[in-house]
Amino acid sequence: MSRGKFKNIELEQLDNPSKKLSEFETSEGIMLKSRYSIKDLDKVKHMGFGAGVEPFLRGPYSSMYTTKPWTIRQYAGFSTAEESNDFYQKNLKSGQKGLSVAFDLATHRGYDSDHERVSGDVGKAGVAIDTVEDMKILFNKIPLDKMSVSMTMNGAVLPIMAFYIVAAQEQGINLSELKGTIQNDILKEYMVRNTYIYPPTESMRIISDIFKFTSEKMPKFNSISISGYHMQEAGATNDIELAYTLCNGIEYVKNGIKSGLSIDEFAPRLSFFWGIGMNHFMEIAKLRAGRLLWSKLIKKFDPKLKKSSMLRTHCQTSGWSLTEQDPFNNITRTCIEASAAIFGGTQSLHTNSLDEAIALPTEFSSRIARNTQLHLQHETKITKTVDPWGGSYYLESLTNDLVDKAWTHIEEIESYGGMTKAIEKGIPKMRIEQSATKKQAKIDSKRDIIVGLNEFKVNYDENIQYLEINNKKVKDLQLKRLKEVKESRDDKKVQVSLENLTSGAVNNENLLALAVEAAKSRATIGEISTALEKVFTRYSAKINTFTGVYSKEIKDDSTFKEAIDLANEFSDLDGRRPRILIAKMGQDGHDRGAKVIATSYADLGFDVDIGPLFQTPQEAAKQAIENDVHILGISSLAGGHKTLVPEVIDELKKYKREDIMVIVGGVVPKQDYSFLKDKGVTAIFGPGTKISETAKTILSILMNK
């Protein structure tokens, strides 16, 4: 085929080498060129290392997928243990190779299902687990000596690990045969996800005890999965996610060594967990850079085993990148993201479902997500070679640049004395929240294009069937089972086991071993958590805010200017700025949306109050009234809106403050809009709504325009 048929700008530039090629700066601050050549490899410091050879840049194992593909490990859990078990059984028959368990928010926060603070959370965003009996049902007919089990749990990690261990023992399985991973990554909870229970120091003590217990009794089990995924979901750029995750890992290593373990006793069982978004080549580079950097960082601890320096990882495609608008686009997004994880060399992978921007996945959407991996494994032939992008001028240069960017962040964290001290100063959380706000401004101003959301939009709604959990039905069943367990157990034995836990927290005994004994006696997750809370206390985060980031990125946008003008007009009419309280109710700690809205509304001319995490409806209503706000804005991401929102509206009515406008934003299926509006909600803003447009809508309603 002749060259002339492809005459374009690029060829013109080849004909005219003096013509300057365009460059593009990524969110990470890396300059991308439109053409790379072998000269770009001159700066690259990592060339020449093969897969399976330290620093493992091209993969932790020499053969990678050529002999065994990555594990398809779909993250799932909802409603009751029975329903989740049924879902697992179907997935395993359909090609899934490992289980990855999602727990509901009440479980994450160490509350029994009958606690007053979790009324809207039971069974909604994961499976409800109150006792060993629930765990036994969850794994019914699933042989735990043969099945690798990953559990996403951090705050209530002790009772959940204890329940899993006892469930396995009562299956007749020796602990040495158990294989899988417990997330157990508490540091990132203080940065982004917020499902903590105890303060950082006490939580690190728990992690040390789990390291000790598993290294002695569970040699095949990974005692921690150090997670960057939630940082990316909260708004971190790839360099920040990479650096902070590795800094967390080093903090855990220091903690393990401080507790008396040698590096080779626990480092081989550390694993990592990355988020994979739509910046395709950057995500591939991130996984490669992560392995190189981890090998470099771990050297100072003088490991003797090769596996101690080897970064092994699980990946999950992005949930944040999925859109409610034109949702079948999400299938394409997930496939692109999954291929990046595979080209980067992940050891296991979860692919998100097309409907997860708005609800839990249905069986229909879950099958498409799982089959995406089966297509990639069996039809594309990308498993036939190791690190297929290795040697690419562009990718090797990008990997090198990302290593340098991440190293700058790592040095900053080390300058504060490590991640724990940096967290105490609020540095990582602030950096991530600023990054999230910049990203939202770029989307709102169309500097970043999201297909079907801010460009290439359709003028109709897809008729998607969403999975809805009957919160009342699940809660009633959990309360019934809790009652049965409490009536059948030996209360004296339970009390002794709980007292031993409390005294063990004081006397530096191994808390996982003591939690196992409490679980055997049928102590509940709430009782075990409370026994430790007596000594450790329950942690409450400080709320820090910033302004100016959103306005700086979007200042030239016409809608932004119109919203500011309306805010000024309202101020002239009312004698004060429009005032809004941003509230997070229930146990949902995902506060990216709430924080972005808060800082953006402040830049738009609102007086903004932010409620503390985990408020009850009564507490949120009281704060709105005391602060005399015009608007109560409720951020909902975990499916509790149909329970919590009506309760807060009823509470406002009790105080005769129906004049306070209630709005809802976040993950709310459109099928729930009429229900919420019938209950008194004035406006609902789904995922992806332009922030300045929401402000204009609210102000117009307030001024009866």
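The shown structure was predicted, so the numbers you read here are calculated from the model rather than taken from an experiment.

## As for the overall build of the protein chain
In terms of helices and strands, the protein chain carries 27 helices and 16 strands. In terms of overall size, the protein chain behaves like a compact globule, its C-alpha atoms giving a radius of gyration of 26 Å where 705 residues would be expected to give roughly 27 Å. Based on the C-alpha atoms only, the size of the protein chain along its principal axes is roughly 85 × 70 × 50 Å. Taking all 705 residues of the protein chain together, the buried fraction comes to 61%. Across the protein chain, the fraction of contacts at a sequence separation of at least 24, relative to all contacts at a separation of at least 6, is 79%.

## Structural notes on the packing of helix α11 (residues 280-298) against helix α14 (residues 393-415)
Each pair of packed helices can be described by the angle between their axes along with the distance between the axes. Look at α11 against α14: their axes get within 8 Å of each other, and the N-to-C directions meet at 55°. Here α11 lies oblique to α14, going by the angle between them. Regarding α11 and α14, the two cross each other, and that crossing is right-handed. Where α11 abuts α14, its residues Phe281, Met282, Ile284, Ala285, Lys286, Arg288, Ala289, Leu292, Leu293, Lys296 and Leu297 lie against Tyr394, Leu395, Glu396, Leu398, Thr399, Leu402, Val403, Ala406, Trp407 and Ile410. By residue class, the composition of the contact of α11 with α14 is 16 nonpolar, 1 polar and 4 charged.

## Details of the nonpolar core
Counting 74 residues, the largest nonpolar core has Tyr244, Leu246, Tyr252, Trp294, Met419 and Ile432 as the members making the most contacts within it. Per-element accounting of this core gives the leading share, 10 residues, to α11. In terms of nonpolar packing, the next biggest core, distinct from the first, is built from 57 residues, Val101, Met153, Ile160 and Leu532 among them.

## Overview of helix α9 (residues 238-258)
Taking 1.5 Å of rise per residue, 21 residues should cover 30 Å, and α9 covers 30 Å from first to last C-alpha, within 8% of that figure. α9 sits mainly inside the fold: 18 of its 21 residues count as buried. Just downstream of α9, Gly260 is the residue with a positive phi angle, here 110°.

## Describing the layout of surface pockets
Empty pockets left among the atoms are what a rolling probe the size of a water molecule brings to light. In this structure, the second largest pocket spans a volume of roughly 620 Å³. Along its surface, the second largest pocket is lined by 27 residues, and Glu324, Gln325, Gly452, Leu453 and Lys670 are the ones closest to its centre. Contributions of two or more residues to the lining of the second largest pocket are made by α16 (427-444) and β16 (683-685). Classifying every residue of the lining of the second largest pocket gives 10 nonpolar, 7 polar and 10 charged.

## Some thoughts on the pairing of strand β15 (residues 661-666)
Counted residue by residue, β15 has 5 buried out of 6 residues, so it is predominantly covered. Summarising the sheet, strand β14 (residues 631-636) and β15 pair through 6 bridges and their orientation is parallel. What sits directly across from Gly633, in β15, is Ile663. For the handedness criterion, the β-α-β arrangement of β14, helix α25 (residues 641-654) and β15 is classed as right-handed. Sheet analysis places β15 next to β16, joined by 3 bridges and oriented parallel. Note that in β16 the partner of Ile663 across the bridge is Ala683. Note on the crossover from β15 through helix α26 (residues 673-679) to β16: the handedness is right-handed.

## Observations concerning the sheet that holds strand β12 (residues 579-583)
The strand order across the open sheet formed by 5 strands is β13-β12-β14-β15-β16, and the pairing between neighbours is parallel. At either margin of the open sheet sits one strand with a lone partner, and together these are β13 (607-610) and β16. Sheet twist, expressed as the mean angle between neighbouring strand axes with direction ignored, is 20°. As paired elements, β12 and β13 share 4 bridges and run parallel to each other. Along β13, the bridge assignment pairs Arg579 with Asp607.

## Focus: the packing of aromatic side chains
As enumerated under the stated definition, the model contains 18 aromatic pairs in all. Judged by centre distance (6.1 Å) and plane angle (85°), the ring pair of Tyr196 and Phe614 falls under edge-to-face. Highlighted residues: Tyr196 in the loop between α6 (187-193) and α7 (200-217) and Phe614 in the loop between β13 and α24 (617-626), separated in sequence by 418 residues. A network of ring pairs unites the aromatic residues Tyr36, Phe281, Phe343, Trp389 and Tyr394 as a single cluster. Just above the ring of Tyr36 sits the side chain of Lys33; from NZ or CZ to the centre is 5.1 Å. In this structure, Arg109 is placed above the aromatic ring of Phe614, and the distance from its NZ or CZ to the ring centre is 3.5 Å.

The rules behind these values
- Residues numbered from 1 in each chain as written.
- Predicted model: local features only at pLDDT ≥ 70, side-chain atom pairs only at ≥ 80, totals over all residues.
- Heavy atoms only, no water.
- Helix = DSSP H or I, 4+ residues; strand = E, 2+ residues; numbered from the N terminus.
- Rg over C-alpha atoms; globule rule 2.2 N^0.38 Å.
- Buried < 20%, exposed > 50% of the residue type's maximum accessible area, 1.4 Å probe, protein only.
- Contact = heavy atoms within 4.5 Å.
- Axes fitted to C-alpha atoms, helices over the stretch in contact; angles between N-to-C directions.
- Parallel < 35°, antiparallel > 145°, perpendicular 65-115°, else oblique.
- Left-handed = near helix turned anticlockwise from the far one by under 90°.
- Nonpolar A, V, L, I, M, F, W, Y, C, P; charged D, E, K, R; others polar.
- Core = buried A, V, L, I, M, F, W, Y, C linked by side-chain atoms within 4.5 Å.
- Expected span 1.5 Å × (residues − 1).
- 1 Å grid on protein atoms, 1.4 Å probe; cavity = no way out; pocket = protein on both sides within 12 Å on 5 of 7 lines; lining within 4 Å.
- Points joined across faces, edges and corners; volume = space filled by probe spheres on them.
- Pairing = 2+ DSSP bridges.
- Right-handed = clockwise from strand over helix to strand, strands pointing away.
- Phe/Tyr/Trp six-rings, centres within 6.5 Å; stacked < 30°, edge-to-face > 60°.
- Lys NZ or Arg CZ within 6 Å of the ring centre and 35° of its normal.

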